[in-house]
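The primary structure of each chain is shown beneath.
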Amino acid sequence: MKPETAAKKLGILLAAAPETFRDAPISRTAFDELRTEPPTWLEDLRRDGPHPRPVVAQKLGVSISGLTRAGIEEPLTTAEIKTLLEQKPEWLVRERATQAEVHAENARVKQERAAKAAARAQD
């Protein structure tokens, strides 16, 4: 697989990975090895960053769109993420509330659909 795909699946920023990882295709066997027995560089990247946008969004509890609205375009390290979580800037509080509303609405819709499916099954 392409290094970009492997990096995405591993949850790491490709630009921060070693050159040997970035420059060559990764076999399925090698990828499985990276997942089951990650080398030190992969553990360090996962722990300290810099992290790709989906990981930053997940760690902050916001959407990727929320990061964009806040002007966060660059990858963040774990330390920078912790600082944001401690400082709780207004945009982060607002985006986390928005994300909570979205999750609540998705749960409501899912529950509603399950109830309709159960009612149809009884008929």
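We now turn to the structure provided with this report. From a predicted model like this one, the values you see are computed outputs, not experimental measurements.

**Brief notes about the overall build of the chain**
Phase 1 of the analysis: What the chain contains, in helices and strands, is 8 helices and 0 strands.
Phase 2 of the analysis: Written out in order from the N terminus, the α and β elements of the chain read α-α-α-α-α-α-α-α.
Phase 3 of the analysis: For 123 residues, the compact-globule estimate of 2.2 N^0.38 gives 14 Å, and the chain exceeds it by more than 25% at 19 Å.
Phase 4 of the analysis: When burial is assessed residue by residue, the chain has 26% of its 123 residues classed as buried.
Phase 5 of the analysis: Taking as baseline every contact in the chain between residues at least 6 positions apart, the subset at least 24 positions apart corresponds to 51%.
Phase 6 of the analysis: The distance from the centre of the 20 positive side-chain charges to the centre of the 19 negative ones in the chain is 6 Å.

**Regarding a positive patch on the surface**
Phase 1 of the analysis: A surface patch of positive charge is lined by Lys9, Arg28, Arg35 and Arg46.
Phase 2 of the analysis: Locating Lys9 in the fold gives a position in helix H1 (residues 3-10).

**Some thoughts on helix H8 (residues 90-122)**
Phase 1 of the analysis: Between its terminal C-alpha atoms H8 stretches 48 Å, which fits the 48 Å expected from 33 residues at 1.5 Å a residue.
Phase 2 of the analysis: Within the span of H8, buried status applies to Trp91, Leu92, Glu95 and Gln99.
Phase 3 of the analysis: Buried residues along H8 sit against helix H5 (53-60), helix H6 (64-69) and helix H7 (78-87).

**Section: the environment of Arg47**
Phase 1 of the analysis: Note that Arg47 resides in helix H4 (residues 40-48).
Phase 2 of the analysis: For Arg47, a relative accessible area of 47% translates into the label partly exposed.
Phase 3 of the analysis: In this structure the C-alpha to C-alpha distance between Arg47 and Ala30, which are 17 residues apart in sequence, comes to 21 Å.
Phase 4 of the analysis: Of note is the side chain of Arg47, whose polar atom sits 3.5 Å from the side chain of Asp48.

**Description of the pattern of salt bridges**
Note on pairing: side chains with opposite charge can pair once their charged atoms come close.
Phase 1 of the analysis: Following the criterion strictly, the structure yields 6 salt bridges and no others.
Phase 2 of the analysis: Note that Glu90 and Arg94 form a salt bridge whose closest N and O atoms lie 3.5 Å from each other. In this pair, Glu90 and Arg94 both sit in helix H8, 4 residues apart, roughly one turn of the helix.
Phase 3 of the analysis: A residue is classified by how much of its surface remains accessible, and Glu90, at 63% relative accessible area, is exposed.
Phase 4 of the analysis: Two residues, Arg108 and Glu105, come together in a salt bridge whose shortest N-O distance is 2.6 Å. Placement of the pair is Arg108 and Glu105 together in helix H8, with a separation of 3 residues, close to one helical turn.

**Concerning H5**
Phase 1 of the analysis: Among all positions of H5, only Val55, Val56, Ala57 and Leu60 are buried.
Phase 2 of the analysis: Those residues of H5 hidden inside the fold are in contact with H6, H7 and H8.
Phase 3 of the analysis: Once H5 ends, the next one or two residues include Gly61, with phi positive near 75°.

**Digging into unusual backbone geometry**
Phase 1 of the analysis: Here the bond from Gly49 into Pro50 is cis, since omega is 5°, no more than 30 degrees from zero.
Phase 2 of the analysis: Its identity is not glycine, yet Lys88 carries a phi of approximately 45°, on the positive side.
Phase 3 of the analysis: Among the secondary structure elements, Lys88 is positioned in the loop between H7 and H8.

Reading guide: rules and limits
Residues numbered from 1 in each chain as written. Predicted model: local features only at pLDDT ≥ 70, side-chain atom pairs only at ≥ 80, totals over all residues. Heavy atoms only, no water. Helix = DSSP H or I, 4+ residues; strand = E, 2+ residues; numbered from the N terminus. Rg over C-alpha atoms; globule rule 2.2 N^0.38 Å. Buried < 20%, exposed > 50% of the residue type's maximum accessible area, 1.4 Å probe, protein only. Contact = heavy atoms within 4.5 Å. Lys, Arg positive; Asp, Glu negative; His and termini not counted. Charge placed at Lys NZ, Arg CZ, Asp CG, Glu CD. Patch = residues over 30% accessible without salt bridge, like charges linked within 9 Å, V, L, I, M, F, W, Y side chains within 5 Å. Areas by Shrake-Rupley, 256 points an atom, 1.4 Å probe, with all protein chains shown as cover. Salt bridge = Lys/Arg side-chain N within 4 Å of Asp/Glu carboxyl O. Expected span 1.5 Å × (residues − 1). Polar contact = N/O pair within 3.5 Å; in protein donor to acceptor, adjacent residues only side chain to side chain.

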